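What the coordinates show
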Amino acid sequence: MGWLNALFADNNEKLYGYFSQQGECIAQAGETFLLLARDLEYAQTYANTLRDIERRGDRVKAEVHKLLDENTFFQLDHEDIEKLTTYGDDVLDLLWGAADRIANRYELRDADPELIQMSEIITSLSTDAALLLKGLKNIKRIKNLQRII
């Protein structure tokens, strides 16, 4: 039975590492989006940075799905893992998409106080999401995880 416990622990450690990486991507994306909103002159540069962050997030999501396909023993339910990973990926996709539109489609060049205020809220939420993802390892029992997310 020792090998089963070791496998369980190893799978969970990898999974929580991926969640931590995804959380880091989300936090960086929120911070980068705020920089874009505050400095529209360099919107294209920030949009490119967000694209790179989004791609890193895609790689993390792919690793989580690979881990799920190859293993069955996890502390969290498979469906919760998939949804949590998908929600995190959606956040990254949406932030990059918004940045891309601001940089390439809309001709915003002057400071927009509403965009900055909204971006500050997004950054705060991104930081909170990152803390949740990074802290999953320390939560003993999660009830209603999907509702919390």
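Residues numbered from 1 in each chain as written. Predicted model: local features only at pLDDT ≥ 70, side-chain atom pairs only at ≥ 80, totals over all residues. Heavy atoms only, no water.

**Some points on the overall build of the protein chain**
Condition: In this description a helix means any DSSP run of H or I spanning at least four residues, a strand means any run of E spanning at least two, and both kinds are numbered starting from the N terminus. Each residue's exposure class comes from its accessible area (1.4 Å probe, protein chains only) as a fraction of the maximum for that residue type: buried when under 20%, exposed when over 50%, partly exposed otherwise. Any two residues whose heavy atoms approach within 4.5 Å are treated as being in contact. Methods summary: accessible areas were calculated by the Shrake-Rupley approach with a probe of 1.4 Å, and residue burial reflects only the protein chains presented.
When helices and strands are tallied, the protein chain shows five helices and zero strands. Along the protein chain, helices and strands appear, N-terminal first, in the series α-α-α-α-α. Across the 149 residues that make up the protein chain, the buried fraction comes to 38%. Within the protein chain, contacts between residues separated by at least 24 positions form 81% of all contacts whose residues are at least 6 apart in sequence. With an accessible surface of roughly 8,800 Å², the protein chain has 51% of that area assigned to carbon and sulfur atoms.

**Regarding the pattern of salt bridges**
Threshold: One side-chain nitrogen of Lys or Arg within 4 Å of one carboxyl oxygen of Asp or Glu is enough to make a salt bridge.
Inspection of the entire model under this criterion finds six salt bridges. Of the charged contacts in the structure, one is a salt bridge between Asp 100 and Arg 105, with a shortest N-O distance of 3.7 Å. Judged by relative accessible area, Asp 100 falls into the buried class, the value being 16%.

**What about the confidence of the model for the protein chain?**
The condition that has to hold: Per-residue confidence from the predictor is reported as pLDDT, a score between 0 and 100.
With 86% of its residues at a pLDDT of 70 or more, the protein chain shows a mean pLDDT of 85. Highest mean pLDDT in the protein chain belongs to helix 2 (residues 43-70) (94); lowest belongs to helix 5 (residues 145-148) (55).

**A short note on helix 4 (residues 113-135)**
The condition is simple: Expected span of a helix, by definition, is 1.5 Å for each gap between consecutive residues, and there is one gap fewer than residues.
Taking 1.5 Å per residue as the helical rise, helix 4 with its 23 residues ought to reach 33 Å, and the 33 Å between its terminal C-alpha atoms agrees with that figure. Taken together, the buried positions of helix 4 are Leu 115, Ile 116, Ser 119, Thr 123, Ser 126, Ala 130, Leu 133 and Gly 135.

**Observations concerning the packing of helix 2 against helix 3 (residues 78-104)**
Our working definition: A fitted line through C-alpha atoms serves as each axis, taken over the contacting stretch for helices, and the angle formed by two N-to-C directions is quoted from 0 to 180°. For this classification, under 35 degrees means roughly parallel, over 145 means roughly antiparallel, 65 to 115 means roughly perpendicular, and everything else is oblique. Definitions for this section: a left-handed crossing has its near helix turned counterclockwise from the far helix by less than a right angle. A right-handed crossing has that turn clockwise. Residues are grouped as follows: nonpolar covers Ala, Val, Leu, Ile, Met, Phe, Trp, Tyr, Cys and Pro; charged covers Asp, Glu, Lys and Arg; every other residue, Gly included, is treated as polar.
In contact at an axis separation of 9 Å, helix 2 and helix 3 are set at 165° when each is read in the N-to-C sense. With respect to their mutual orientation, helix 2 and helix 3 come out roughly antiparallel. In this structure, the crossing between helix 2 and helix 3 has a hand that is left-handed. Here the residues of the contact of helix 2 with helix 3 sort into twelve nonpolar, seven polar and eight charged.

**Quick word on the side chain of Asp 100**
Tracing the backbone through its elements, the reader meets Asp 100 in helix 3. What Asp 100 contacts, discounting residues up to four positions off in sequence, is Ala 47 and Arg 105.

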